[in-house]
Amino acid sequence: MSNDAPLAGAPLSGSALTITAGGYTAEVASVGASLRTLRAGGRDLVVPFSADEVRPAFRGAVLAPWPNRVVDGRYAFGGQDHELALTEPKRHHALHGLVAWTDFRVVAHEPDRAVLATTVPAQEGYPYRVEVLVEYRVDADGLHTTVTGTNTGADAAPWGTGPHPYLVAGEGRVDDWTLTLPAAEVLEVTEDRLVPTGLAPVHDEFDLRTATPIGDRFIDHAFTGFDRDAEGLATIELTAADGHGVRVSFGPECGWAQVHTADHVVPEYHRVGLAVEPMTCAPDAFNAGEEVGLVVLAPGAAHAASWTIAAV
């Protein structure tokens, strides 16, 4: 597909791709390879946005070559110091990678499947070239997403990825829903800038290993140490008062998940959905390293991570 600029009058969120199967319908926008809508049984499973609007913040975007934050935009890798642009200026961090506002090219579009791709070019702050391939597929088990990063450069590259959906359990807002988050540890952070300070056993408002009403609690933290099934899947589940809801399942390649109650100064965004973001690495992994999941992509190597969103 051509990399020419979009035609005048094209949707602001980019090319619109619809896939349907097994009772699920997903709509994907090419800017950020974003999940724009996901519906099953006549209800939304994620907070949607319109095709012809600028995507609100990171709603539904793919995050790569890192999710979450690089503190102060600075890190060292391969014996060199690097400095990224500060895309979260109020907290002075580089936030959510380099492709969230990229218009991905469409590689394939079938009734139940869409594949998008882009290249992260070598640049100041990230002098590595990585091809990013995103596959969305629906069937009776839900929406399956796989993100693959392939190092097409000559040097090893740091890599991490994850999605940014805001889940919707049903009627109401985050306060009205119940969360099951089977994680044993939480990454504690500073209150003002969310800078990681260390892992701790889940405690008080962060112990959500059994179904717990969210109420007015505030969460904007990364969790790890998940209970997993025999296939290595961890599942985070969000339900409404009627028992219906939504869940996200992810494999061992995603050792972390950021959860955020979507507290926002814009009233129409405030606590309308729960951000649940499976991640291959912890926040600030470019500094913390492989111990917290940072992937080091050798030249020519690829790394894939997958997750599924399904109705409850």
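Rules of the game
Starting afresh in each chain, residues are numbered from 1 along the sequence in its written order. Per-residue local features are limited, in this predicted model, to residues with pLDDT of at least 70; the limit for side-chain atom pairs, both in listing and counting, is 80 or more; totals at the level of whole chains, interfaces and linings are taken over all residues. Side-chain numbers come from the whole structure's heavy atoms, not from hydrogens or water. Each helix is a run of H or I in the DSSP string that is no shorter than four residues. Each strand is a run of E no shorter than two, and both are numbered from the N terminus. When we talk radius of gyration, it's over C-alpha atoms, and the globule rule is simply 2.2 Å times the number of residues to the 0.38. Burial classes: relative accessible area under 20% of the type maximum marks a residue as buried, over 50% as exposed, and values in between as partly exposed (1.4 Å probe, protein chains only). Values of accessible area rely on a 1.4 Å probe in the Shrake-Rupley scheme; residue burial ignores everything except the protein chains shown. In this tally Asp and Glu are treated as negative and Lys and Arg as positive; neither His nor the chain ends contributes. Throughout, a charge is located at the NZ atom of Lys, the CZ atom of Arg, the CG atom of Asp or the CD atom of Glu. When a carboxyl oxygen of Asp or Glu lies within 4 Å of a side-chain nitrogen of Lys or Arg, that pair is called a salt bridge. Pairing between strands is defined by DSSP: at least two bridges between them are needed. Surface patches are defined over residues having more than 30% relative accessible area and no salt bridge, joining like charges when they lie within 9 Å and nonpolar side chains (Val, Leu, Ile, Met, Phe, Trp, Tyr) when within 5 Å.

The protein chain is annotated in an unreviewed UniProt entry as Aldose 1-epimerase family protein of Curtobacterium subtropicum.

**Student:** An account of the overall build of the protein chain is needed here, citing residue identities and associated values.
**Tutor:** Secondary structure assignment for the protein chain yields one helix and 27 strands. Rg of the C-alpha trace for the protein chain: 18 Å, near the compact-globule value of 20 Å for 312 residues, within the 12% margin. Seen through its principal axes, the protein chain has C-alpha atoms that stretch 55 × 45 × 40 Å. For the protein chain, the proportion of its 312 residues judged to be buried stands at 52%. Approximately 13,200 Å² of the protein chain is accessible, and the part contributed by carbon and sulfur atoms is 51%. Separation of charge centres in the protein chain, based on 20 positive and 42 negative side chains, amounts to 3 Å.

**Student:** Give a description of unusual backbone geometry that names residues and reports values.
**Tutor:** With omega at 5°, the peptide bond leading from Ala 64 into Pro 65 counts as cis. Along the chain, the position of Pro 65 falls in the loop between strand E5 (62-63) and strand E6 (69-71). Positive phi values are uncommon outside glycine, yet Asp 72 reaches one of about 60°. The topology assignment puts Asp 72 in the loop between E6 and strand E7 (74-77). We note that Ala 262 has phi near 60°; this positive angle belongs to a residue other than glycine. For Ala 262, a relative accessible area of 6% translates into the label buried.

**Student:** Got a sec to walk through the pattern of salt bridges? Specific residues and values, please.
**Tutor:** Counted under the stated rule, the structure contains 13 salt bridges. One salt-bridge network, held together by shared partners, links Arg 69, Glu 88 and Arg 91.

**Student:** Break down the sheet that holds strand E18 (residues 183-189) for me, citing the residues and quoting the values.
**Tutor:** Reading across from one edge, E16-E25-E24-E21-E18-E19 is the order of the six strands in this open sheet, with antiparallel pairing throughout. At either end of the open sheet lies a strand with only one pairing partner, and these are strand E16 (166-167) and strand E19 (196-201). Pairing between E18 and strand E21 (residues 220-226): four bridges, direction antiparallel. Paired with Glu 185 across the strands is Thr 224, a residue of E21.

**Student:** Outline the sheet that holds strand E20 (residues 212-213), listing residues and values.
**Tutor:** Strand order in the open sheet made by the nine strands is E10-E11-E12-E13-E27-E23-E22-E17-E20, with antiparallel pairing throughout. A single partner strand is all that each edge strand has here, and the edge strands are strand E10 (105-110) and E20. Relative to strand E27 (residues 302-311), strand E23 (residues 245-250) is paired through five bridges, and the arrangement is antiparallel. Considered in E27, the bridge of Phe 250 is made with Trp 307.

**Student:** Lay out a nonpolar patch on the surface with the relevant residues and their values.
**Tutor:** A cluster of nonpolar side chains, namely Leu 12, Val 54 and Trp 101, defines an oily patch on the protein surface of about 340 Å² accessible area. In this fold, Val 54 is placed in the loop between strand E4 (43-44) and E5.

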